[in-house]
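Here is how the chains run, residue by residue.
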Amino acid sequence: SRLSFELRRSASFDQDLVLALIDIRETRKQDPLYKIISRLLIDSFPFQDLLFEFETNGFAVAIPNIDPDMGVQDLEKCMKKIHGTRTGQSLKISVGLSSRNGRLISGTRLISETKSALSRAKKDKKSSMIVFRPDPVKYREYIASKM
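Summarised in this report is the structure supplied together with it. Everything quoted here is computed from the prediction, not taken from an experiment.

Take the sheet that holds strand 2 (residues 51–54) next. What the 5 strands build is an open sheet, ordered 2-3-1-4-5; its pairing is mixed. For this open sheet the edge positions go to strand 2 and strand 5 (129–131), each flanked by a neighbour on one side alone. Direction aside, the axes of adjacent strands within the sheet are offset by 20° on average. Of the strands in this sheet, strand 1 (17–24), strand 2 and strand 3 (58–64) are in contact with helix 1 (residues 2–12), which crosses strand 1 at around 150°. Against the sheet, helix 2 (residues 32–44) makes contact with strand 1, strand 2 and strand 3, and its axis sits at roughly 0° relative to strand 3, the strand it touches most.

Right under this line is the structure:
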């Protein structure tokens, strides 16, 4: 519900919003490393109320008023900080991203797209970060055809 609210707010100001799902395979909530990573994420993103735990070993972050390319840059900086910690050097981190991209979509839809990108990132040998890039024109045509 929080994501849907932020999507409506972003749409009302004609702003973009990026959602990132971060999977860190070697950690669990009870691990000390999980707390270190949590702190690095909180320090890296200005809107702490838009950071969430995701599944058993991951995080979700909604970044308002930013496009996907800038979102990738911000997340790459954060991942470098995590890998820069003594205990985070060997972690396998996968990230999936998607964005509002001018569309009027629900939080459920954005989460679904981002999960799809995360799933691909987990399988990809070359890149640990995959961005779902929707085409807003095709999306509008699709919505219009359903009415």
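It is worth spelling out the environment of I130 at this point. Tracing the chain through its elements places I130 in strand 5. The class for I130 is buried, based on a relative accessible area of 10%. Linking I130 and P68, residues 62 residues apart in sequence, is a C-alpha distance of 11 Å.

Here we take up the environment of E113. Mapped onto the secondary structure, E113 falls in helix 4 (residues 107–123). Among the residues examined, E113 registers a relative accessible area of 3% and is labelled buried. Setting aside residues no more than four positions away along its own chain, E113 makes contact with S98, S99, R103, I105 and F132. Within the local environment of E113, its side chain forms a polar contact with the side chain of R103, the two groups lying 2.7 Å apart.

With 8 of 8 residues buried, strand 1 lies mostly within the body of the structure. Neither face of strand 1 is exposed, since L17, L19, L21 and D23 on one face and V18, A20, I22 and I24 on the opposite face are all buried. Sheet analysis places strand 1 next to strand 3, joined by 7 bridges and oriented antiparallel. Opposite L17, over in strand 3, you have P64 as the bridge partner. Here strand 1 pairs with strand 4 (residues 93–99) via 7 bridges, running antiparallel.

Between its first and last C-alpha, helix 3 (residues 68–84) extends 24 Å over 17 residues, near the 24 Å set by a 1.5 Å rise per residue. The complete set of buried residues in helix 3 reads P68, G71, V72, L75, C78, M79 and I82. Seen from one end, helix 3 has its buried residues packed into an arc of 130°, which puts them on one side. When the buried face of helix 3 is taken as reference, the exposed residues oriented beyond 90 degrees from it are K77, K80 and G84. Contacts made by the buried residues of helix 3 are with strand 1, helix 2, strand 3, strand 4 and strand 5.

Basis of the calculations
- Residues numbered from 1 in each chain as written.
- Predicted model: local features only at pLDDT ≥ 70, side-chain atom pairs only at ≥ 80, totals over all residues.
- Heavy atoms only, no water.
- Pairing = 2+ DSSP bridges.
- Helix = DSSP H or I, 4+ residues; strand = E, 2+ residues; numbered from the N terminus.
- Axes fitted to C-alpha atoms, helices over the stretch in contact; angles between N-to-C directions.
- Contact = heavy atoms within 4.5 Å.
- Buried < 20%, exposed > 50% of the residue type's maximum accessible area, 1.4 Å probe, protein only.
- Polar contact = N/O pair within 3.5 Å; in protein donor to acceptor, adjacent residues only side chain to side chain.
- Expected span 1.5 Å × (residues − 1).
- Arc of directions from axis to C-beta.

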